[in-house]
Structure formats: structure tokens, C-alpha cells
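Topology and contacts: notes
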Amino acid sequence: MQERTDPWDITAQLDELRTQGLWRELRPLDELNGVTVRADGREWINFSSNDYLGLAHSIEMKQTLAEGIVKYGGGSGASRLVCGTHRAHAELEEALADFKGTAAALTFSSGFAVALGTIPALMGAGDTIILDKLCHASLVDAARLSGATIRVFPHNHLEKLERLLQTAKGRVLVVTESIFSMDGDAAPLREIAELKARYGAWLLVDEAHAVGVLGPQGRGLAAALGVDQQVDLHLGTLSKAFGLSGGYLAASRQVIDLLINRARSFIYSTAPPVHLAHALSSILKLIRGESGDALRSHVLSHAAQTQALLSEIGVTSPPGPAAILPVILGEASRALEVSARLREAGFLIPCIRYPTVARGSARLRITVSALHTAAQIQALGSVLRETLEPQG
Ligand SMILES: *Cc1c(COP(=O)(O)O)cnc(C)c1O
């Protein structure tokens, strides 16, 4: 008799993850406040949040949210096209368009939803999407969902990108991040913008890790490099430096009108609560202003300090400027071990493994915030030195 394997044997799948060192689990925290976190009566310094400006738990955030909740209450009750669009949503979108230097902008419930809604609304069978190899999962999934032909170029490889542009069919969309989420390095946006213009392609730049942190008023890397006007689709999240949640796409009026009519993650999802839109508008003002400038200078100086400490122990970081500093360790088991030892020593830096990064390039992903102190960074440097140095 033939032995049949149970197609629903999920235990085997889970065991496989465990043996490969790829098992993940949720670890609830009791308190998350600035850069300190608490759980089970212990306290850690958090070097893994994307709350780069330290706004998530700021007094300004609490005040504007409280004000918004008192004024607008809870949920929006329906999708944006039904009866879920409040004046506060429209005001936030106008402010985001002004911030990004585009004619219009549209907000979504998350950055992930922006990608899933936008790319399939614009691209379809017969078109070509060309992505950097290290693009975020949301961009990859969105490209797959669109039905367009997908081409991938090695990370930041301009010659390969150009070769793909030469043979691409239909409408062509080049997709990249500005600061890469797991590597902290920057895309050569000036050169990519030149190439896409030469071949008549469009360019989507995901500025999830640059907005708020880089550029004049925190407008991102494209603005810092003076190429923001060449970017056709500006994608960003409101969940990282903005310290809250949501995402946006900023572009021409026509693109935004098309998204309002076609982006399924926008159309078929309940509008984000009005108090979030209210709070995000005031946080955007803060980010653009002098307090934003001060927070940016703190986070970038903390990144420079961390980079210097890492280089003393032989870890090279991307040239920056960015708040993400990877320490690539190789095998998942090694990264898990180092992460656990840091946790013992009071630092929260979960390791990043496959499939988030390529196999064999498991890493610690250190992120700094405007709220860290020089002493905390120094202490992390000492612990890393002890942990990473060969034993014995
Ligand atoms: C976090 C992230 C997103 C998704 O944004 P959310 O608001 O968290 O859904 C998209 N792109 C990149 C590069 C990201 O790092």
C-alpha cells in the first residue's frame, strides 16, 4: 500500500522552520516608550524601532491624538468612496502633496496597502516592472499581483538596469527604495532618474526609511538629491518616522484620480480613523519645522556615532546617511545567538533572517532614534565588541 503524506501536516512545516533556525514568534512587550521597552519585569534599550524621530510616544503625539479622539471619536464607518472621507483626510492629503512637491496625494491604511493598490492599478499584462533585487516584500507582491512581466536587477546595478530597460515591453515602471530597509544604503536615484527618462519609463521610489529623516524638511532622499521632480510615484509610510500608521502615494492629479477609481486596497478597505488623519497633519507640520530639523540632526548624529563604533570593531556600514546599520553575521543560528546575547545584556535588536534577507546573510539590524543618548550608544558599542570578538 502506498503511504500518503498528509498535505495538511503543518507540524512538519513548523519543524522545518525550527531546524533551519528560521522560527519566529511574537514576544509581547508590557511597555513601549521611546527607546526603552519593558517585558516580564525587565527593561531593554530598543535599537530596532523605525520610530526614527522618537515621535510615537512624544507629548506632541499624545496631545494631537487625544484632541483628535475627543473631536472625531473612533472608526470611519465605511470606505473612503462610500462615506468615509472626512475633511481631515482631504487636508492631510493636500499637506502630503505639498510636502512631496506633487499635485496630489492619497493615503491608505498602511504602506503595504499603498504598494498593493498602486502598482496593479497602473500596470498589467503586457507591461514590465523592473525592480531592485532588495525591494521590500510589498513592492514584490504588488508587482506579482499586477500581472505585468517582472524583471529584477542586482542591487543598485545601473548597467543591468539599463540592459533591462532596453528590452522591456509595454509600459515600463522602475521600482526602487531610496534607503533600503535591511541594508541602510541608498539607491543612486540621480542615475536611475536619468536612465528612466532616457527610456521613457516611469519611476516609483519607496521612501519608507528616508522620509522624515533625510532631505530639506525631511522630504526624503529624492528631495535631498534634487531629483524629486523626476520621480513619478512617491511612496511612503506614515508608520515609521511619522510615528503613527498609514501610508501615502504622492503623484500627479491624474495618477491619484486613477488610484481613487482603481486601487483595490484603497477602495475596498475602511477609511483610516479620522483622528489618525488629524494627528498625522500636525505631526507632518512638526516634521517639516524646526523641531523636525533638530530631531533629524539628533538621529543622524546617533547614526554617525554608531557607525564609528561599528567600524572600530571591524563592521563596515553603508556610507549613509541613514538610521539603519546592519551587522551581517551570515548563518541564521549565529545571528540568533548574537541577538540573544545582546538581549541578555539589555539591548533589544532582533535578528533578521531569510526570507526577509537572502540565506547566509542573516544580520542584526540596528536602528537609531533621535531619542537615544550618546551613553546608550556607547554601551551598545561595548557589548557588541565583547559579543562579536572571537572567543578565547
Ligand atoms: C515598512 C515598509 C513598508 C510598509 O509600510 P507599513 O506602513 O509598515 O505597511 C513599505 N516599504 C518599505 C521599504 C518598508 O520598509
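Residues numbered from 1 in each chain as written. Predicted model: local features only at pLDDT ≥ 70, side-chain atom pairs only at ≥ 80, totals over all residues. Heavy atoms only, no water.

A word on helix α12 (residues 274-288). With 15 residues, α12 should reach 21 Å at 1.5 Å per residue; the first-to-last C-alpha distance of 21 Å fits that figure. Among the 15 residues that make up α12, 12 are buried, leaving the element largely enclosed by the rest of the structure. The set of residues buried in α12 consists of Val274, His275, Leu276, Ala277, His278, Ala279, Leu280, Ser281, Ile283, Leu284, Leu286 and Ile287. Against α2 (59-72), α4 (87-100) and α13 (290-312) lie the buried residues of α12. (Helix = DSSP H or I, 4+ residues; strand = E, 2+ residues; numbered from the N terminus. Expected span 1.5 Å × (residues − 1). Buried < 20%, exposed > 50% of the residue type's maximum accessible area, 1.4 Å probe, protein only. Contact = heavy atoms within 4.5 Å.)

On to empty space enclosed by the protein, then. Evaluated as defined, the whole model comprises 3 cavities of 30 Å³ or more. Estimates place the volume of the largest cavity at around 70 Å³. Partitioning the lining of the largest cavity into residue classes produces 4 nonpolar, 8 polar and 1 charged. By volume, the second largest cavity amounts to about 50 Å³. The wall of the second largest cavity is formed by Arg80, Thr107, Phe108, Ser109, Ser265, Phe266, Ser269, Thr270, Ala271 and Pro272. Every element with two or more residues in the lining of the second largest cavity is listed here: β4 (104-108) and α11 (264-267). A class-by-class count of the residues in the lining of the second largest cavity yields 4 nonpolar, 5 polar and 1 charged. (1 Å grid on protein atoms, 1.4 Å probe; cavity = no way out; pocket = protein on both sides within 12 Å on 5 of 7 lines; lining within 4 Å. Points joined across faces, edges and corners; volume = space filled by probe spheres on them. Nonpolar A, V, L, I, M, F, W, Y, C, P; charged D, E, K, R; others polar.)

With that out of the way, let us pick up unusual backbone geometry. With an omega of 5°, the peptide bond running from Tyr354 to Pro355 counts as cis. Mapped onto the elements of the fold, Pro355 is located in the loop between β13 (351-352) and β14 (362-367). Positive phi is not limited to glycine here, since Asp40 has a value of about 50°. With respect to the element layout, Asp40 can be found in the loop between β2 (36-39) and β3 (42-46).

All right, on to the nonpolar core then. Of all hydrophobic cores here, the largest spans 83 residues; its most connected members are Phe47, Leu96, Phe242, Leu342, Leu364 and Ile366. With 9 residues, the top contributor of residues to this core is α12. Here this core gathers at least three residues from each of two domains, domain 1 (24-47 + 290-388) and domain 2 (59-288). Apart from the residues lying within four places of it in its own chain, the contact partners of Leu96 are Ala105, Thr107, Leu238, Phe242, Tyr248 and Leu284. Core analysis: the second largest hydrophobic core is formed by 30 residues, Ala143, Leu249, Ala251 and Ala263 among them. (Core = buried A, V, L, I, M, F, W, Y, C linked by side-chain atoms within 4.5 Å. Domains from an automatic or database assignment.)

Attention shifts here to the sheet that holds β3. Overall, mixed pairing links the 4 strands, which are arranged β1-β2-β3-β12 in an open sheet. Of all strands in the sheet, those bounded by a partner on one side alone are β1 (31-33) and β12 (347-348). Summarising the sheet, β1 and β2 pair through 3 bridges and their orientation is antiparallel. Paired with Asn33 across the strands is Thr36, a residue of β2. (Pairing = 2+ DSSP bridges.)

A separate point is the site of the ligand. Looking at the ligand, there are 14 residues lining it, with Asp206, His209, Thr237, Ser239 and Lys240 nearest. A distance of 2.8 Å separates an oxygen atom of the ligand from a polar atom in the backbone of Gly111. In the environment of the ligand, an oxygen atom lies 2.6 Å from a nitrogen or oxygen atom belonging to the side chain of Lys240. Protein coverage of the free-state accessible area of the ligand, which is 370 Å², stands at 86%. Broken down by class, the residue content of the shell around the ligand amounts to 2 nonpolar, 9 polar and 3 charged. (Near = heavy atom within 4 Å. Polar contact = N/O pair within 3.5 Å; in protein donor to acceptor, adjacent residues only side chain to side chain. Areas by Shrake-Rupley, 256 points an atom, 1.4 Å probe, with all protein chains shown as cover.)

Spatial relationships are all this shows, so hold off on functional conclusions.
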